[in-house]
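One-letter residues, chain by chain:
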Amino acid sequence: MSDYFNETHQQVRATARKFIDTHVRPHIEDWEEAGEFPRDLYAKAGETGLLGIGFPESLGGVGEGDIFMKVAVSEELMRSTSGGLVAGLGSLDIGLPPVAKWAKPEVRERIVPPVLRGEKIAALAVTEPGGGSDVANLKTRAVRDGDHYIVNGSKTFITSGLRADHYTVAVRTGGDGHGGISLLLIDRDMPGFSTGRKLRKMGWWASDTAELFFEDCRVPADRLIGAENAGFIAIMSNFLFERLSLSIMAYMTAQLAYEAALEHTRQRQAFGRSIAGFQVTRHKLVDMATQIDVAREYTYRCAALMQAGKNPIKEVAMAKNFSVDVCEKVTREAVQLFGGMGYMRETVVERLYRDAKILSIGGGTTEIMKELIAKQIRL
């Protein structure tokens, strides 16, 4: 219904919808319980062009700069009903952009195309066990040694951590604070690199989340992404789109919960009529629909600003916080409307309720977003 999408966007949306209906929806319950989805799903997504959206054609992508094409695809991928699957399949969207933009030409030309084809998996590694949102004080250190960097430290909560082939890793190459941070592209087979256990989570079960360890890991110096000690700017640039994506995930999680609750309340009988016939139920559904629409439209506005070349740091942070708040409220109400069945793992709202929580943490917590907004409005 939005004016932001053109015919091409709708064609790509239809492709993504068919991909989800054909390759994902019939299996998603099993994948959630297994805690992972098959690796060959990346290749299937690559074949349809879904992984290449937002990346330059010269590197095998579909094209840069069309934010709403990415929004349309992101919305349809969320129709899988699994935030974990979307996060895992989309780990390249946060791990690969710095490589495509700032890595040395010979490196990006060798690394990016196979990832976009789904033959290789890319991940981003920033978060550390004692760091969380405090990116400027990360501890993993890289010391130059001739034509290599020697990396020591660890990362945690890394999406696609166990099975990624390439990791865009934030390291400290200089002094304290954001001015001493760089990005290195590290392969899983480099000496001194290892992965820890697969982490068990409240939600996002289908995503592979792990710890990473670097013990005198030798990384060729040509794997430096951008200039040394200039990595923080790249990380912040990456965060803008990641936060927009999390806002999309939030309102879509809410949308799916609302749709499930709407169908359930129309069918569920109590006291001789459907529970949708009670005013208290209708008003809950109206509030849910209203909040979702506002979250969606404001996120679209942020995407339009980005499309126009703006840098809407404040607005995207607001969109993320608002959409996440809506998501938590709507999924909670959906579970409540389902009653006892809402607490059962056989109902989709139970999974959506669990998946909702990570959205207020990932990409910068709600509290960090508020501090960011406060700085932007000079409080």
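Note that the structure is a prediction, hence the values are computed from the model and not measured. Position labels on residues start from 1 in each chain and follow its written sequence. With the structure being a predicted model, the display of local features is reserved for residues of pLDDT at least 70 and the display and counting of side-chain atom pairs for 80 or more, all residues being used for whole-chain, interface and lining totals. Note: side-chain values were computed over all heavy atoms of the structure, leaving out hydrogens and water.

Chemist: I'd love a proper account of the overall build of the protein, names of residues and values included.
Modeler: Where helices and strands are cited, they refer to DSSP runs of H or I of at least four residues and of E of at least two residues respectively, numbered from the N terminus. In terms of helices and strands, the protein carries 13 helices and 10 strands. Seen through its C-alpha atoms, the protein measures out along the principal axes to roughly 80 × 50 × 40 Å. Each residue is placed in one exposure class: buried if its accessible area under a 1.4 Å probe, protein chains only, is under 20% of its type's maximum, exposed if it is over 50%, and partly exposed if it falls in between. Within the span of the protein, comprising 379 residues, buried residues form 56% of the whole. We call two residues contacting when some pair of their heavy atoms lies within 4.5 Å. Long-range contacts, defined as pairs at least 24 residues apart, comprise 75% of the intrachain contacts of the protein with a sequence gap of at least 6.

Chemist: An account of the UniProt feature "domain: Acyl-CoA dehydrogenase/oxidase C-terminal" (unreviewed entry) in the protein is needed here, citing residue identities and associated values.
Modeler: UniProt positions are given in the numbering used here, feature names are shortened, and annotations may be inferred rather than shown by experiment. As recorded in UniProt, the feature "domain: Acyl-CoA dehydrogenase/oxidase C-terminal" (unreviewed entry) lies at residues 229-377. For residues 229-377, helix accounts for 75% and strand for 3%, while the C-alpha atoms at its two ends are 28 Å apart.

Chemist: Just give me the short version of the environment of T48, but keep the residues and values in it.
Modeler: Examined against the element boundaries, T48 turns out to sit in the loop between α3 (40-47) and α4 (67-77). When its relative accessible area of 36% is taken as the criterion, T48 is described as partly exposed. Along the sequence, T48 and V12 sit 36 residues apart, while their C-alpha atoms lie 9.6 Å from each other. Setting aside anything within four residues of it in sequence, one finds T48 in contact with T15 and F19. A polar contact is formed between the side chain of T48 and the backbone oxygen of A45, at a distance of 2.8 Å. A 3.5 Å cut-off defines polar contacts: any pair of N or O atoms within that distance qualifies, except that in protein one atom must be a possible hydrogen donor and the other a possible acceptor, and neighbouring residues in sequence count only when both atoms are side-chain atoms.

Chemist: Go over unusual backbone geometry with me, naming the residues and quoting the values.
Modeler: Look at D216: it is not a glycine, yet its phi comes out positive at around 50°. Its relative accessible area of 51% is what places D216 among the exposed residues.

Chemist: Please set out α4 residue by residue, giving values where relevant.
Modeler: With 11 of 11 residues buried, α4 lies mostly within the body of the structure. Of all the positions in α4, only I67, F68, M69, K70, V71, A72, V73, S74, E75, E76 and L77 are classed as buried. Check the buried side of α4 and you find it contacts α1 (7-24), α5 (83-89), α6 (92-95), α9 (231-267) and α10 (279-307).

Chemist: An account of helix α8 (residues 105-116) is needed here, citing residue identities and associated values.
Modeler: Given a helix with a known number of residues, its expected span is that number minus one, times 1.5 Å. In a regular helix each residue adds 1.5 Å, so 12 residues correspond to 16 Å; α8 covers 16 Å between its end C-alpha atoms and thus fits that length. Taken residue by residue, α8 has V107, I111, V112, P113, P114, V115 and L116 as its buried positions. Buried residues along α8 sit in contact with α3, α6, α7 (97-102), β1 (122-125), β4 (166-172) and β5 (181-187). Positive phi shows up at G118, right after α8, with a value of about 85°.

Chemist: Which residues make up the side chain of T347, and what values do they have?
Modeler: Checked against the element boundaries, T347 lands in the loop between α11 (313-338) and α12 (348-356). On the accessibility criterion, T347 (10% relative accessible area) is buried. A distance of 2.8 Å separates the side chain of T347 from the backbone oxygen of M344, its partner in a polar contact. Excluding anything up to four places from it in sequence, T347 contacts F338, M341 and G342.

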